[in-house]
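Analysis of the macromolecular model
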Amino acid sequence: VVARPQRHQTVRQRHALSVRAEAGKRVVVIGGGWGGFGAAKHLAEQGYEVTLLDAQANPGGLSTGFRTKSGQAVEAGMKGFWYEYKNIFRLLEELRLPEWPLTDWTTSGFWSPKGLVTCAPVFSKLPRLPTLLGQFYHTSQMPWSVSLPDRVTMLPFLSTFLDFNATEETYLKYDAVSAYELFRACGVSREAYEQFLRPTLLVGLFAPAESISAAVMLETLYFYALAQQASFDVCWCKGSIAEKIFTPLVERIRSQGGQVLGNKVVTAITTATGAAGVEEVTAVQAVDKETGETTVYPADAVVFGVGISAMQKLVAANPALAGRTDFRAIMNLKSLDVIATRLFFDRRVPTRYPCNVLSGFEPAAGATFFNLNDIQDEYRDAEGTVLTVDIYNASALLPLGDEALARRMAAHVAACEPGFKDAQLVDWVVLRYPRAVTHFTPGSYRDRPSQATSLPNAFMAGDWVKGLQHGANGLSQERAYVSGLAAANLVVSRLGHGQPAHILDVDPDEPHIALAKGAIRQARTLTEQLGLRSPLL
């Protein structure tokens, strides 16, 4: 892709600056990452005076990255880009990068201590069939350690995808029960659960099914695997997301006059009663981690783009937030611990699949491992193998030392790929992220914030917000980015300047799914009128 001529960029920049001077609206975005960057980019392009504050030196949220003193690139775990990431793919086209930063679609292996469970093909390269039928048929051609009779026990469970979000009341009922309870009610066999569904959730929602909302589990699996035959197709960044995507994205924001400031820890949110007699945010105070200098940033609107644990710290430290019910409810939400490791071996060891899911190797944790020699340009010609092994729900492993963790993960990989038994682990990097990822526990929906808050000029962004009218669900870069665009649209509506961002939705339900959902919802209405209840709830 050829970069735009400099003259065109300059004209566009001058236009943005002239509009900005006329608008005079100041927006503070708290937190980088996909949500914060999405909001900051659109608002800067609409002529707002945008200042993004992030506590990290290199803003990026859970997709941040950096280089060690020895020059090794590391990042906060691997993040995939799935088939329906339409808005992120459009963003990458808008950035006009010197080369496309993502790989082709990749295959994936699923492993247990007993060996290979199954693998996921690239569905978009196979003959297209109606969804559900296509996934079942094409995966039936793959190796499976789960028997066909056990796989068939998952079929009744599929009917719940047609019903769980029929109404808000129905969704809340599914949210109140755990995914594990729903599997049991649907008659899923223990083998199908232990060998396939449990590991899928451990790496998809980072927690065991016993502690995951059934509603979130269903909307996540539908988005990532079932809405279309190709929904599960995934590709990866050819380098760190921080270097390949976020660095040019930050440059784009700055080219439009926005500020992106790292090492800024927000310490206070100031509010005042406006002309309409309503309390609003008027300023954000932050301290620089390196210099200790405190700066106050005036704000006509604020976008909170941080995760749960960071937001809880802000609520606890700011009476202006703690005095409000919707912000206090955030204190009830939970987060999960994750660990990212990068392992360097003394020789090249080929792996059957570039990306792999591990289950059963740790009692309550899930894991993935990626062969970076096959994924990232930097390591394609490396003399040794470079792996990333990420661990989810990793609380019990946090106390282990770096070397102990690295060798433990190397042993798990060697159990799947015997070639690593003779390879020597020569270096490693271990990154710990306590309480870093949203934990969608049963019943948590009621406490999750909406994007519009009780402060009329304060808005939320992140994959953990509720009420986002979009098909991207669960722990999702696409959902986080879309939430940032949606937050920017709320700012535009509130302050009355600029155009809203155009947000691309996922593909609509296929006709047979739409027909089935309609029939299920009519049946539910009838049964409720007769006073009957769903046997699954």
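What counts and what doesn't
- Residues numbered from 1 in each chain as written.
- Predicted model: local features only at pLDDT ≥ 70, side-chain atom pairs only at ≥ 80, totals over all residues.
- Heavy atoms only, no water.
- 1 Å grid on protein atoms, 1.4 Å probe; cavity = no way out; pocket = protein on both sides within 12 Å on 5 of 7 lines; lining within 4 Å.
- Points joined across faces, edges and corners; volume = space filled by probe spheres on them.
- Helix = DSSP H or I, 4+ residues; strand = E, 2+ residues; numbered from the N terminus.
- Nonpolar A, V, L, I, M, F, W, Y, C, P; charged D, E, K, R; others polar.
- Domains from an automatic or database assignment.
- Contact = heavy atoms within 4.5 Å.
- Buried area = accessible area lost by both parts, 1.4 Å probe.
- Salt bridge = Lys/Arg side-chain N within 4 Å of Asp/Glu carboxyl O.
- Pairing = 2+ DSSP bridges.
- Axes fitted to C-alpha atoms, helices over the stretch in contact; angles between N-to-C directions.

1. A closer look at empty space enclosed by the protein
By the definition in use, this model includes four cavities of 30 Å³ or more. The wall of the largest cavity is formed by V74, E75, G77, M78, A340, T341, R342, T388, V429, V430 and L431. Of all the secondary-structure elements, those providing two or more residues to the lining of the largest cavity are β4 (73–75), β14 (334–345) and β18 (425–439). Of the residues belonging to the lining of the largest cavity, the class tally is six nonpolar, three polar and two charged. Taken together, L358, S359, G360, F361, E362, A365, G366, A367, I391, M409 and H412 make up the lining of the second largest cavity. Listed by contribution, the elements that provide at least two residues to the lining of the second largest cavity are β16 (366–371) and α16 (402–416). Taken together, the residues of the lining of the second largest cavity break down into six nonpolar, four polar and one charged.

2. Let's talk about the domain arrangement of the protein
Domain annotation for the protein reports domain 1 (26–70 + 239–333 + 444–495), domain 2 (108–234 + 507–530) and domain 3 (335–439). Computed from C-alpha atoms alone, the centre-to-centre distance between domain 1 and domain 2 is 33 Å. Each partner contributes to the interface: domain 1 provides nine residues, whereas domain 2 provides eleven residues. The largest contributions to the domain 1 side of the interface with domain 2 come from Y445, N473 and L475, which together make up 63% of the buried area. Applying the counting criterion to the domain 1 and domain 2 interface returns zero salt bridges.

3. Here we look at the sheet that holds β16
Across a sheet, paired strands are connected by hydrogen bonds in the backbone, their directions being either parallel or antiparallel. Pairing is mixed in the open sheet, where seven strands are placed in the order β7-β6-β15-β16-β17-β14-β18. Looking at which strands have only one partner, the edges of the open sheet turn out to be β7 (115–120) and β18. On average, adjacent strands in this sheet sit at an angle of 20 degrees to one another, irrespective of strand direction. Sheet topology note: the strand β15 (residues 355–358)/β16 ladder contains four bridges and is antiparallel. Paired with N356 across the strands is F369, a residue of β16.

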